[in-house]
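If you want the building blocks of each chain, they are given just below.
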Amino acid sequence: MSDAVSLIIVNYNSGRYLQSCVASVLHQVNEVVVVDNASTDGSMEKLEAIFECDQKLQVVRNRANRGFAAACNQGLEMSSGRYLFFLNPDCVLAPETVKRLLEALAGYADVGMVGGLLVNPDGTEQAGGRRAVPTPWRSLVRACGLSRLGARWPRLFLDFHLHKQPLPMHPIEVEAISGACMLVRREAMRDVGAWDAGYFLHCEDLDLCMALRRKGWKIMFVPDARVIHDRGVCSRSRPIFVEWHKHRGMMRFYHKFFQHQYPGPLMWLVAFGIWLRFGCIASYHSALLTLRYLGFRRG
């Protein structure tokens, strides 16, 4: 299996999307490893019933939700391919997506990871598929709405989301891609170790991008490798839980990579902004839940 592709999917209550995801990619890869984080929606039972005769499929069932990064590491240990394809279960691939990704990866010996064009179900490009690293300064720029000045002063006021820029005609190097779709050389993965299991959910993909680039590996965005991503399928039922871990992940990411590069007051300001943002989002979702509860009681 020297040139084989191992698909690794972390599942958590993704319902019918899991079966659609596997069906779209099964014929494009050599093996499929699905790591389930204690789902309760029957998605794994349905998957095994549909693909029970397929020798490519391997399943790992965790008794508790171990988080995305830890589950990715489990899939990594079970896989055998030269190329590791980490894919979210709410993704559906176009027929030659893996081929396009492999061509981009094989074309450059110093490229360690590639990602595809993530699109919404309506066909519009999704944020996050190609991006710059959200440094504390860039995050502050975006939070303060200063990214609109990027057209005049791009180096100073760059928006780390690049999806509003014209779509390139060929693969280009980027600082980061989304963990929803990552094809990685096993050699590059060995070089950086593994996913940082200190992240539970969100920002672990940025961490991996930073780790690869620090080791000298490049990251490419492949615009003709199309992936339909129904974003947030596994997160909609627990929005506050997800937002907590997302913002906690942001703090871990900034402290890990930027604590010694930025002055203390700026990092304090960034931390304040992160937790203020979480407080606003949590309050919003709490208010929605309260209104729904009251509406149910009255009904």
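Up top you'll find the structure we're talking about.
Residues numbered from 1 in each chain as written. Predicted model: local features only at pLDDT ≥ 70, side-chain atom pairs only at ≥ 80, totals over all residues. Heavy atoms only, no water.

**Student:** Can you help me understand the pattern of salt bridges in this one?
**Tutor:** Between side chains of opposite charge, a pair can form when the charged atoms approach closely. Applying the stated rule across the entire model yields 13 salt bridges. Here glutamate 45 and arginine 61 are joined by a salt bridge, their closest N and O atoms 3.5 Å apart. Of this pair, glutamate 45 sits in helix H2 (residues 43–50) while arginine 61 sits in strand E3 (residues 57–62), placing them 16 residues apart in sequence. Using a relative accessible area of 40% as the deciding quantity, one classes arginine 61 as partly exposed. In this structure, a network of salt bridges that share partners links the residues Glu96, Arg100, Glu103 and Asp224. (Salt bridge = Lys/Arg side-chain N within 4 Å of Asp/Glu carboxyl O. Helix = DSSP H or I, 4+ residues; strand = E, 2+ residues; numbered from the N terminus. Buried < 20%, exposed > 50% of the residue type's maximum accessible area, 1.4 Å probe, protein only.)

**Student:** Sorry, what's going on with the packing of aromatic side chains here?
**Tutor:** Applying the stated rule across the entire model yields 10 aromatic pairs. The interplanar angle of 75° and the centroid separation of 5.1 Å between the aromatic rings of phenylalanine 86 and tryptophan 195 together place this pair among those described as edge-to-face. Of this pair, phenylalanine 86 sits in strand E4 (residues 83–87) while tryptophan 195 sits in the loop between helix H6 (186–192) and helix H7 (204–214), and the two are 109 residues apart along the sequence. We note that phenylalanine 86, like tryptophan 195, is buried. Taking the centre distance of 6.3 Å and the plane angle of 55° together, the rings of tyrosine 254 and phenylalanine 258 count as tilted. (Phe/Tyr/Trp six-rings, centres within 6.5 Å; stacked < 30°, edge-to-face > 60°.)

**Student:** What should I look at first to understand the packing of H7 against helix H8 (residues 239–258) in this one?
**Tutor:** A pair of packed helices is characterised by two quantities: the angle between their axes and the separation of those axes. Put simply, H7 and H8 touch, their axes get as near as 10 Å, and they point 15° apart. Comparing their axes, H8 and H7 come out roughly parallel. Note that H7 runs across H8; the crossing there is left-handed. Of the residues in H8, those touching H7 at Leu206, Asp207, Met210 and Arg214 are Phe253, Lys256, Phe257 and Phe258. A breakdown of the residues in the contact of H7 with H8 according to their chemical character gives five nonpolar, no polar and three charged. (Axes fitted to C-alpha atoms, helices over the stretch in contact; angles between N-to-C directions. Parallel < 35°, antiparallel > 145°, perpendicular 65-115°, else oblique. Left-handed = near helix turned anticlockwise from the far one by under 90°. Contact = heavy atoms within 4.5 Å. Nonpolar A, V, L, I, M, F, W, Y, C, P; charged D, E, K, R; others polar.)

**Student:** How should I be thinking about the environment of glycine 123 in this particular structure?
**Tutor:** Structurally, glycine 123 can be placed in the loop between strand E6 (111–119) and helix H5 (136–143). Each C-alpha atom, one on glycine 123 and one on arginine 226, is 9.9 Å from the other, the two residues being 103 residues apart in sequence.

**Student:** Explain the nonpolar core here, please?
**Tutor:** The tendency in soluble globular proteins is for nonpolar side chains to be buried as a group. Ranked by size, the top nonpolar core spans 47 residues in total, and within it Phe86, Met113, Met182, Trp195 and Phe253 carry the most contacts. With six residues, the top contributor of residues to this core is H8. Discounting chain neighbours no more than four positions away, the residues touching methionine 182 are Leu84, Phe85, Phe86, Met113, Val114, Ile177, Trp195, Asp205, Leu208 and Cys209. (Core = buried A, V, L, I, M, F, W, Y, C linked by side-chain atoms within 4.5 Å.)

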